[in-house]
Amino acid sequence: MNVVLLEQKQHVAYVTLNRPEMMNAFNYDMLLKLEQVVESIRINPDIRVVVFTGAGERAFSVGADLKERKTLTEQQVKRNVYKIGEVFSAIDDLPQPTIAMINGYAFGGGMELALACDFRFASKQALMGLTETSLGIIPGAGGTQRLPRIVGEAKALELILTAKKMTAEEAYSYGLLTGIIEGHELSDQVDVFVQRLLANGPIAVQQAKFAVKHGMQVDLQTGLHLERKAYEITIPTEDRVEALRAFAEKRKPVFQGK
């Protein structure tokens, strides 16, 4: 069985964690496959938006495969922790906008995958959290760094140190989610959001994402410099000229990503 599925529909890549019988827990093979899929997306200029989800109706992902972990040596555990962090950083660094479609449980590494995405939508029935301290470990795939950058230090400490399992409503109130959707409507409503992203110039979308994400890591003046450089990349594009032409002709622009 292919443990990670990749389907491309027009300009959208759908990545599905495909171990539903294990609630899409990450074993080492899945991490290696996910790494390959993410790299293939990065270098595909035809992909403009990426959606991550989990197979089945129960889970997005419950994190590390604890049955596998029990069989690993300490060195192998370190290998797995390094690999999952590396893969999620690659997802965080994708030039395309990324969406986590949380269709069920999202615990530990599953939650960290969602945090590595730009947007998170969850079904009303979803439960999520960084629950690692309840297992005597800590979030090791970016959770201690990405969560406070989204919800603030105090709230992140509360969630991580108590290993709290949040409902979708709680996660939304903390600012973790872009939206909460009825489970049977999740895919359709996420697609509505995807279409809003696709309606805009793909080069501009990627450069805006670059400016925001990298600008957040530096001081204001350096961030403004990054913004100007990102803007300059859009100036010679065919898409910018097309947008001006479409405005003059009172029609919607047809962007080519050129």
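The structure this text deals with has already been given above.
Caption draft 1: Looking closely at the pairing of strand 7 (residues 119–123). Most of strand 7 sits out of view: four of its five residues are buried. With four bridges joining them, strand 5 (residues 98–102) and strand 7 adopt parallel strand pairing. The residue of strand 7 that forms the bridge with I102 is A122. For strand 7 and strand 10 (residues 179–181), the ladder comprises three bridges, and the chain directions are parallel. Across the sheet, residue A122 finds its bridge partner in strand 10, namely I180.

Caption draft 2: Up close: the pattern of salt bridges. Going through the model one piece at a time under the given rule, you end up with 16 salt bridges. Residue E39 is joined to R42 by a salt bridge in which the shortest nitrogen-to-oxygen separation is 3.5 Å. Here the residue E39 and the residue R42 both occupy positions in helix 1 (residues 28–42), the gap between them amounting to three residues, near one helical turn. With relative accessibility at 26%, the residue R42 sits in the partly exposed group.

Caption draft 3: Summary view of helix 10 (residues 220–234). Spanning 15 residues, helix 10 covers 21 Å between terminal C-alpha atoms, matching the ideal 21 Å at 1.5 Å per step. For helix 10, the full list of buried residues reads G223, A230 and T234. Down the axis of helix 10, the smallest arc covering the buried residues is 55°, so these residues share one side.

Caption draft 4: Structural detail: the packing of helix 1 against helix 3 (residues 74–92). Interhelical geometry of helix 1 versus helix 3 gives an angle of 25° and a closest axis separation of 10 Å. As summarised for this structure, helix 1 and helix 3 are arranged roughly parallel, according to the angle between their axes. Where helix 1 crosses over helix 3, the two elements pack in a sense that is left-handed. Across the interface between the two elements, Y28, L31, L32, L34, E35, V38 and R42 from helix 1 touch R79, N80, K83, I84, E86, V87, F88, A90 and I91 from helix 3.

Caption draft 5: Main features of the sheet that holds strand 8 (residues 127–129). Reading across the sheet, the four strands line up as 4-6-8-9 and stay open at both edges, with mixed pairing between neighbours. Across the chains shown, the open sheet's two edge strands, defined by having one partner strand only, are strand 4 (59–61) and strand 9 (166–167). Docked against the sheet, helix 4 (residues 109–116) engages strand 4, strand 6 (105–107) and strand 8, running at close to 90° with respect to strand 6.

Caption draft 6: Up close: unusual backbone geometry. In the Ramachandran plot, M23 falls in the positive-phi region, its phi being about 50° despite a non-glycine side chain. By the secondary structure assignment, M23 is in the loop between strand 2 (12–17) and helix 1. Classification of M23 by relative accessible area gives partly exposed; the value is 21%. Non-glycine residue N24 carries a positive phi angle of around 60°. Along the chain, N24 falls in the loop between strand 2 and helix 1. Among the residues examined, N24 registers a relative accessible area of 0% and is labelled buried.

Caption draft 7: View of the nonpolar core. Grouped together as the largest cluster of nonpolar side chains are 46 residues, with contacts concentrated most on L34, F88, I91, I102 and M128. With six residues, the top contributor of residues to this core is helix 1. Ignoring any residue separated from it by four or fewer positions in sequence, one finds I91 in contact with L34, V38, F52, T98, L113, A116 and C117. Within the second largest apolar cluster, 14 residues are counted, among which are V51, M101, L186 and L197.

The rules behind these values
Residues numbered from 1 in each chain as written. Predicted model: local features only at pLDDT ≥ 70, side-chain atom pairs only at ≥ 80, totals over all residues. Heavy atoms only, no water. Buried < 20%, exposed > 50% of the residue type's maximum accessible area, 1.4 Å probe, protein only. Helix = DSSP H or I, 4+ residues; strand = E, 2+ residues; numbered from the N terminus. Pairing = 2+ DSSP bridges. Salt bridge = Lys/Arg side-chain N within 4 Å of Asp/Glu carboxyl O. Expected span 1.5 Å × (residues − 1). Arc of directions from axis to C-beta. Axes fitted to C-alpha atoms, helices over the stretch in contact; angles between N-to-C directions. Parallel < 35°, antiparallel > 145°, perpendicular 65-115°, else oblique. Left-handed = near helix turned anticlockwise from the far one by under 90°. Contact = heavy atoms within 4.5 Å. Core = buried A, V, L, I, M, F, W, Y, C linked by side-chain atoms within 4.5 Å.

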